[in-house]
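Listed below, chain by chain, are the residues.
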Amino acid sequence: MSTALSQSAPSGRFKQTICYHFQNSATAVRRFSPWVLLVPAGMICLIVLDAHSGFGWVQEKATQEIVAPSILAVAVCMALLFWARAGDFYSRWLVLLTGVLFCRELHFWGTNNGIYLAVILLLWYASRNMDAMRPMLQSRAAVSLFGGALCTYALTKTFDRAYWTFIAGWKDWQDTMEESLESTAHLLVLSLVVVSYAAWGRQLRRGEVEQAPLR
């Protein structure tokens, strides 16, 4: 009898953990606005239209290899400034998020596949500390920007794996689509940091939060 109970206890805790994270995910999804997906959709249309225009060079790989890390560098700096002033869990989580994305963009060893594990761990870390993530969950804009960024990153992988070769004219923009969409996702992450920082600043002025003491 005691053996059966000892075997069922870990199973019960595992189910509770899964349910807990599932409920947290459902809460975030309910706050997500699909309108943000118009951003990557509009970028796809722009890339196709500009493939042979005078502005096509902006979307080329050589240009995007400069633009993409620059966007994330700004996002990291903004997140660090946010964390230095707020000093809370959410601002620290944004530093970790932008930091791992920046490392991936610089193509450090192991980051090509390691980014998947890093994002999963960050999502688990956020869900495990759901109460501390309320600054994001209370803002539909923040949740939508983060969700939009994840969807856009996922979309870039479909172009990277050449899942769209059946579309006419694929060769005209296959080299620019992945890089430009990735930069679009970076912009959504930067927007997430800016929106979150601005929301915290408004709360600070209203006296609803306190500024972190100088370290």
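Report on the accompanying structure.

Cut-off values and rules
Position labels on residues start from 1 in each chain and follow its written sequence. Residue-level local features of this predicted model are given only where pLDDT is at least 70; pairs of side-chain atoms are given and counted only at 80 or more, and the full residue set underlies all totals for whole chains, interfaces and linings. The side-chain quantities take in all heavy atoms of the structure and omit both hydrogens and water. Like-charged residues are merged into a patch within 9 Å and nonpolar side chains (Val, Leu, Ile, Met, Phe, Trp, Tyr) within 5 Å, provided each residue has over 30% relative accessible area and no salt bridge. Calculation of accessible area relied on Shrake-Rupley with a 1.4 Å probe; when residues are assessed, cover is drawn exclusively from the protein chains displayed. The term salt bridge refers to a pairing of a side-chain nitrogen on Lys or Arg with a carboxyl oxygen on Asp or Glu at a separation within 4 Å. Runs of H or I in DSSP of at least four residues are treated as helices and runs of E of at least two as strands, each being numbered from the N terminus. Note on terminology: a nonpolar core comprises buried Ala, Val, Leu, Ile, Met, Phe, Trp, Tyr and Cys residues joined through side-chain atoms within 4.5 Å. The classification of residues rests on relative accessible area computed with a 1.4 Å probe and restricted to protein chains. Under 20% of the type maximum is buried, over 50% is exposed, and intermediate values are partly exposed. In what follows, a contact means two residues having at least one pair of non-hydrogen atoms within 4.5 Å. Centre distance within 6.5 Å is the pairing criterion for rings of Phe, Tyr and Trp, where only the six-membered ring of Trp is used; planes under 30 degrees apart are then read as stacked, over 60 as edge-to-face, and the remainder as tilted. Take the number of residues in a helix, subtract one, and multiply by 1.5 Å to get its expected span.

This paragraph deals with a nonpolar patch on the surface. Together, Leu 117, Leu 121 and Trp 124 make up a nonpolar patch on the protein surface, roughly 320 Å² of accessible area in all. Tracing the chain through its elements places Trp 124 in helix H5 (residues 111-128).

This part is about the nonpolar core. The biggest cluster of nonpolar side chains holds 32 residues, and the ones touching the most others in it are Tyr 90, Trp 93, Leu 94, Leu 97, Met 136 and Leu 192. Elements represented by at least two residues in this core include exactly helix H3 (61-86), helix H4 (89-105), H5, helix H6 (134-137), helix H7 (140-160) and helix H8 (170-205). Residues within four places of Leu 97 in sequence aside, it is in contact with Leu 122, Phe 146 and Leu 192. One finds Phe 159, Trp 170, Trp 173 and Met 177 within the second-largest nonpolar core, a separate group that totals six residues.

Moving on, we get to the packing of aromatic side chains. All chains considered together, the criterion is met by eight aromatic pairs. For the pair Phe 82 and Tyr 197, a centre-to-centre distance of 5.2 Å together with 20° between the ring planes defines the contact as stacked. In this pair, Phe 82 is assigned in helix H3 and Tyr 197 in helix H8, connecting sequence segments 115 residues apart. Each member of the pair Phe 82 and Tyr 197 is classed as buried. Consider the rings of Trp 93 and Phe 146, whose centres lie 5.5 Å apart with planes at 70°: the pair is edge-to-face. Taken as a pair, Trp 93 in helix H4 and Phe 146 in helix H7 lie far apart in primary sequence, 53 residues in all. One exposure class covers both Trp 93 and Phe 146, and it is buried.

When the terminal C-alpha atoms of H7 are compared, their 30 Å separation across 21 residues agrees well with the 30 Å that a helix rising 1.5 Å per residue should span. One or two positions beyond H7, positive phi appears at Ala 162, with a value near 60°.

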